[in-house]
Every structure is written in structure tokens, then in C-alpha cells.
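# Understanding the architecture of this molecule
Listed below, chain by chain, are the residues.
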Amino acid sequence: MKKTTFLVLVIILSVVIWKHDNISQFLIQKVIFRDQYEIVEPNKYFKSDDFLLFKNVTDLKISSKNDFNNLLYTVLNSGWDSFSFFCDFSYDDCVNDFTNYIQTSEYVDTINNYINPFNSFYSLYVSSNNFNKITIEVDKLYTPEQIVAVNAVIDNFIKNNINNNMNTREKIKTFHDWIINNTRYDTNFNASTDQKSYPFHPYNAYGPLIEGYAVCSGYSDAMAIFLNKIGIKNYKISSQRNDNSEGHVWNYVLIDGTWYHIDLTWDDPVTNDKSNILIYDFFLVNTNQLEKIGTNQHNFNQNHYLEAKNS
């Protein structure tokens, strides 16, 4: 009896592979694989926040291109190192569309700005099989050792400097000032620098918090991690690159129902005499105020940051 059952399954599988139509995919996904792919709990850096552009979803299946952004946001926001899912069997071009989405869509990099920096990716790898099963492998930006070190510094700062008598603005200003007073902008690091061979880490929170040097991504990651720890809704905003400027990134934060920009990099200007200066030109300003300042480093695609539109 067992041999007969096995033979029948082999025949069915052979026909399914040969036919490879919608019915075949349905049998593979629903009968043989039974849609069984492991969904583990999100890690502790998961953000429950939904935004106008990205939302956490519980149904991690793909029926059309419109599902890509929220699925990838949920996967990355949950902190999973890898995740497998099936496209709907009626979505014939799903694998090709999703692979192209990962490789070309501007929204993929934008998702990094919305999730906790500890869950952000350095690279994404996508593989698939013949039955619309897609696997995403995530190469994280932060090492476990860096996460431990950064958490220790920020937790210690909060313990010694933040209390319940302070309002939200005071808490953010205290951290803003502390980072700037203890960090210098790393003028030796630029967009063409190889991160993996560079001896320091100014591009993430380890740089300003452990090494004392940062570029804009390091400043903004440190602030984002702090904001997450004290329960303030936030994300980062990246500028649009052009021929005359490198990309730039800063923080966007919700306080008492209103969104504001914070740019620690520009509040920690590089001076000719290397003196340490702290300013507040970019501390809690709205989008209209930011545009009036008129730097070429703060032009951003408002369709990627909908809360910042005309604010």
C-alpha cells in the first residue's frame, strides 16, 4: 500500500512539473507543500507603527505588485534573517516582478528608513523555485556585537539623563546636544569609501556612540534608536541624489500630533578651526521651514515620505 501511494505521488508530481499551469501550482502549494513556511515572532526591534506609505501586514502572500511594499516592510521590520513565501498561484509573473522590484524599486531602500536601524539591511538576496515560492535572505547592517555596544551606551544615557519630568522636546534636545558635543563629523568618509575596509563605522550608530565620529547616517541612526527606545514615532528621510551632491539622511519625528525634522549633521557643522559648535537651525522644524532654509541637501521625494508632504 505504501509503495502504491508513493508511486501515485510520483506520477502526480511528474505531471504537475510537466504541465506547470495554475492547477499544478495549486496542487504543489496547497496539497504537497500545504503553504507551510515558517513565520516566527518578530524580534524585539519590531516597530508596531504603521505609516501612510508602509504598513505591517499579517497575510504575507502576494497577489499583485501592490503587495510588494507592505510584505517587504513587514519582513524587514520583523527582523527576520530569511523568509519564504508563496505568490498567489494565479499571479503568473510574480517571481520575475518581485525580483525586478528588489533590484530596481526605489521603495526597497526607503524601507530601511522606516524600520529600526538594528533591523536594516546591507544587502538583500532573492531566490525562487518553479512553483512561485520566493525566499528572501537579509544581510544585516549591524553585527550582534555592535547592537550590544550601542544599546549599552544609549540605555546608560537614558538612565542618567532622561526622566519622567521632562517633556518630549526636552528629552530629544538632551540627546541631540549630547551626541553633537561628543561627536565629530568624519570628513575622511564619503560615498565612494568602502565600508567594509574602512577602519571606523561613522555610517551607523556605532560610529558616534562608540568611536566619536559620524556621517549623516550615523547621526540619524543614533537618534532613531534613541527615539524608538523612548517610544516616539519616527523614521528617517533620505534626500534625492543629484550630480552636485551626495545623498543625505536625517530624522523625522512625531511630537504631540505634529511631525518635525531633526538634522544632527547640520546642527554639528564642520569649522575651519575644528572648533566644536552646537546649533539648532535644524532642530524640530517642519517641512516648510526646512525648504525655506534652502540647502541642496534636503531635497527629498515627498511621495516616499507622505507624512512630510506640505507640513
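It should be noted that the structure appears before, not after, this text.
Summarised in this report is the structure supplied together with it. All values derive from a computational prediction rather than experimental measurement. Counting restarts for each chain, with residues numbered from 1 along the sequence as it is written. Only residues with pLDDT of at least 70 are given local features in this predicted model, and only at 80 or more are side-chain atom pairs given and counted; all residues enter the totals for whole chains, interfaces and linings. The basis for every side-chain value is the complete set of heavy atoms in the structure, and neither hydrogens nor water enter the calculation.

### Remarks on the state of the cysteines
Let me state the cut-off plainly: Note that a disulfide, as used here, is simply two cysteine sulfur atoms within 2.5 Å. Throughout this description, buried means an accessible area under 20% of the type-specific maximum (1.4 Å probe, protein chains only), exposed means over 50%, and partly exposed covers the range between.
Scanning the entire structure with this criterion turns up 1 disulfide. Here Cys87 engages in a disulfide with Cys94; their sulfurs sit 1.8 Å apart. Measuring the twist about the S-S bond at about -60°, one finds the Cys87-Cys94 disulfide to be left-handed. Among the residues examined, Cys87 registers a relative accessible area of 1% and is labelled buried. Its relative accessible area of 0% is what places Cys94 among the buried residues.

### Observations regarding the sheet that holds strand β7 (residues 249–255)
The strands that make up a sheet are held in pairs by hydrogen bonds between backbone atoms, and each pair lies either parallel or antiparallel. Under the convention used in this document: Note on pairing: DSSP must find at least two bridges between two strands before they are called paired. Segments assigned H or I by DSSP are reported as helices when at least four residues long, segments assigned E as strands when at least two residues long, and all are numbered from the N terminus. With axes taken as lines fitted to C-alpha atoms, and helix axes fitted only over the stretch in contact, angles between N-to-C directions fall between 0 and 180 degrees.
Read across the open sheet, the 4 strands follow the order β6-β7-β8-β9; overall the sheet is antiparallel. With one partner strand each, in any of the chains shown, β6 (234–238) and β9 (283–285) form the two edges of the open sheet. Direction aside, neighbouring strands of the sheet carry axes that sit 35° apart on average. Two strands pair when backbone bridges link them, and β7 and strand β8 (residues 258–262) are joined in this way by 5 bridges, in the antiparallel orientation.

### Overview of the packing of aromatic side chains
Put simply, the rule is: Here is the rule: rings of Phe, Tyr and Trp (six-membered ring for Trp) pair when centre to centre is within 6.5 Å. Planes less than 30 degrees apart are stacked, more than 60 are edge-to-face, and the remainder are tilted. Throughout this description, the term charge over a ring refers to an Arg CZ or Lys NZ atom that lies within 6 Å of the ring centre and within 35 degrees of the ring normal.
Taken as a whole and judged by the stated rule, the model has 30 aromatic pairs. Between the aromatic rings of Trp250 and Phe300, the centroid separation amounts to 6.0 Å while the plane-to-plane angle is 75°, which identifies the pairing as edge-to-face. Of this pair, Trp250 sits in strand β7 while Phe300 sits in the segment after α10 (287–293), placing them 50 residues apart in sequence. Assigned by exposure class, Trp250 and Phe300 land together as buried. Measuring from ring centre to ring centre gives 4.9 Å for Tyr252 and Trp259, while their planes differ by 15°; the resulting arrangement is stacked. The same class applies to Tyr252 as to Trp259, namely buried. Through a chain of ring-to-ring contacts, the aromatic side chains of Phe51, Phe54, Tyr73, Tyr114, Tyr235, Trp250, Tyr252, Trp259, Phe300 and Tyr305 assemble into a single cluster. Just above the ring of Tyr260 sits the side chain of Arg169; from NZ or CZ to the centre is 4.9 Å. Over the ring of Phe51 we find Lys233; its NZ or CZ atom is 5.1 Å from the centre of that ring.

These figures capture arrangement, not role.
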